[in-house]
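Understanding the architecture of this molecule
What follows is the residue order along each chain.
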Amino acid sequence: MTVPDVLVQARGLGKSYPRVSRRSDRLRALGSLLLGRQRVESVPVLSGVDLEVRRGESVGLIGENGAGKSTLLKLISGVLTPSHGTLAVHGRIGALLELGAGFHLEYTGRENVAMAAALYGLSAGEIRARQDDILAFADIGRYIDEPVKHYSSGMVVRLGFAIVAAIRPDLLITDEVLAVGDEAFQKKCIQWIEEYLDTGGTLLLVSHSMYHIQKLCRHACWLRDGRIEAQGDVFDVTQAYLAYSEHKQGRALAAGRQRHGEFLVENLRLNGVDGESVPLAVDVDSDLVVEAEVHSRDGRVPHAMVGIARGDGSGIYGVASDMETVQLTQLAAGRYRVAVKFTRLPLLPAQYVVRVHALDPEGLRVFDTCENLLTVRGNTREAGSVRLEHTWLS
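Residues numbered from 1 in each chain as written. Predicted model: local features only at pLDDT ≥ 70, side-chain atom pairs only at ≥ 80, totals over all residues. Heavy atoms only, no water.

**Re the pairing of strand β9 (residues 227-233)**
- Here strand β8 (residues 219-224) pairs with β9 via 6 bridges, running antiparallel. Residue pairing in the sheet places Cys 221 in a bridge with Gln 231 of β9. (Pairing = 2+ DSSP bridges. Helix = DSSP H or I, 4+ residues; strand = E, 2+ residues; numbered from the N terminus.)

**Observations concerning the pattern of salt bridges**
- Evaluation of the coordinates by the stated rule reveals 20 salt bridges.
- Here Glu 52 ties to Arg 54 by a salt bridge, and the two come within 3.3 Å at their closest N and O atoms.
- Residue Asp 283 is joined to Arg 377 by a salt bridge in which the shortest nitrogen-to-oxygen separation is 3.1 Å. One end of the pair, Asp 283, is in strand β11 (residues 280-283); the other, Arg 377, is in strand β18 (residues 366-377), and 94 residues separate them in sequence.
- The class for Asp 283 is partly exposed, based on a relative accessible area of 40%.
- Ionic contacts of the salt-bridge type, sharing partners, join the residues Asp 5, Arg 11, Glu 52 and Arg 54 into one network. (Salt bridge = Lys/Arg side-chain N within 4 Å of Asp/Glu carboxyl O. Buried < 20%, exposed > 50% of the residue type's maximum accessible area, 1.4 Å probe, protein only.)

**Some remarks on the confidence of the model for the chain**
- On average, residues of the chain score 84 in pLDDT, and 86% of them are at 70 or above.
- The secondary-structure element of the chain with the lowest mean pLDDT is helix α1 (residues 23-34), recorded at 60, while β8 shows the highest, at 95.
- Across residues 253-257 the pLDDT falls below 50, and counting only partners more than four positions away or on other chains, this stretch makes 5 contacts in the model. (pLDDT = per-residue confidence, 0-100. Contact = heavy atoms within 4.5 Å.)

**A short note on the nonpolar core**
- With 48 residues, the main nonpolar core has Tyr 151, Leu 159, Phe 161, Ile 163, Trp 192, Ile 193 and Leu 203 as its most contacted residues.
- For this core, the secondary structure elements donating two or more residues are α3 (109-119), α4 (124-138), α5 (153-167), α6 (183-198), β7 (202-206), α7 (210-216), β8 and α8 (234-253).
- Among the elements that take part in this core, α5 stands out by supplying 11 residues, more than any other. (Core = buried A, V, L, I, M, F, W, Y, C linked by side-chain atoms within 4.5 Å.)

**Structural notes on helix α2 (residues 69-77)**
- Of the positions making up α2, those classed as buried are Lys 69, Thr 71, Leu 72, Leu 73, Leu 75 and Ile 76.
- One or two steps after α2, the chain reaches Gly 78, where phi turns positive at roughly 90°.

**Here we look at the sheet that holds strand β1 (residues 6-18)**
- As summarised here, the arrangement of the 3 strands in space is β2-β1-β4, forming an open sheet in which the pairing is antiparallel. What marks the edges here is a single partner per strand, and that holds for β2 (42-54) and β4 (84-89). In this sheet, adjacent strand axes meet at a mean angle of 20° when their direction is disregarded.
- In this structure, β1 lies alongside β4, joined through 5 bridges in antiparallel fashion. By the bridge assignment for β4, Arg 11 is matched with Thr 86.
- On top of the sheet, α2 reaches β1, β2 and β4; it is set at about 60° to β2, its chief contact. (Axes fitted to C-alpha atoms, helices over the stretch in contact; angles between N-to-C directions.)

**So, the packing of α5 against α6**
- Two elements in contact, α5 and α6, have axes separated by 12 Å at closest approach and are oriented at 15°. Of the possible angle classes, the one that applies to α5 and α6 is roughly parallel. Crossing of α5 against α6: the hand is left-handed. The segment α5 lies against α6, with Val 157, Arg 158, Phe 161, Val 164 and Ala 165 engaging Phe 185, Cys 189, Trp 192 and Ile 193.
- Within the contact of α5 with α6, the residues separate by chemical class into 8 nonpolar, no polar and 1 charged. (Parallel < 35°, antiparallel > 145°, perpendicular 65-115°, else oblique. Left-handed = near helix turned anticlockwise from the far one by under 90°. Nonpolar A, V, L, I, M, F, W, Y, C, P; charged D, E, K, R; others polar.)

So this is what it looks like as structure tokens:
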């Protein structure tokens, strides 16, 4: 039987749970069911999800805790049933979800291997033929004949992944469980996944590690509050998610803009664009021109500082006019121009904050700050905020 090209197709998919956080809610829900009422007050955890996973694709599911990622995987793997919409799944699925899921804790690892393989549809002969490979991949020694309830979380992951590796499903689904294993086993699993994908396997991966998402996946789907916020190319989606996360953290930490009145920053522009209305997006290695005006209430010539920070507010670079003995250009009485050009901006793809600070004539006190958002685009898995020129030596 030929497995269709589309392995997963979700249309308007949703999942809701009864609202039972309080005892009165549970009693009300029970009463509704006993009386045969169809409507029970519920809380949606997943809504209106349209998702398609084709054979040979690798898709990363990303989002904050509680966004609905695990719920979506459980729906696809058949652990849960949808409350709304349609879901079609084709082919053999290998799912690594919650630790210990699918294992009988009182049985030994060897016995669980046999049961799990049988559940995947293998015959007794096929189980015997693959058992040595499974045990070798898991590499848990004498514990294979101990009850699973005695296993550490890392050993459970080893055994579960070893079974999936031996089965080689049409679609592999994994939910962050690899983060539990030790470093050597993580590398072993990643190498197996890369080989699995190279030979036509299909992957649906949940991880909070954008490095692993970018390394293993070509596509990504960002879930936010139970809905798809963005999906498409893995770099575009992960960079948008990281920008959102850092900006959200920055807003939480920000003390707010202080305006003392003596020196004010106005009309901040990035490459000629007023970022308050349209956030600027540039490619890696592009030039960036920062311009602003500083108003001096008493006419004294102020200084200015131009800085770049991550979305969470942590500084990356800053330079002030008094540091380099630069005098601001006077535009009119009490108005001065700030203009700085950064050539081939070495920032890595992410969202940043560009700030201009108004300083007093002595360059000692900050009187005002104005900031605009800057998005840097590009396809790279380099880590950090800036690209440093480097050469690999043999």
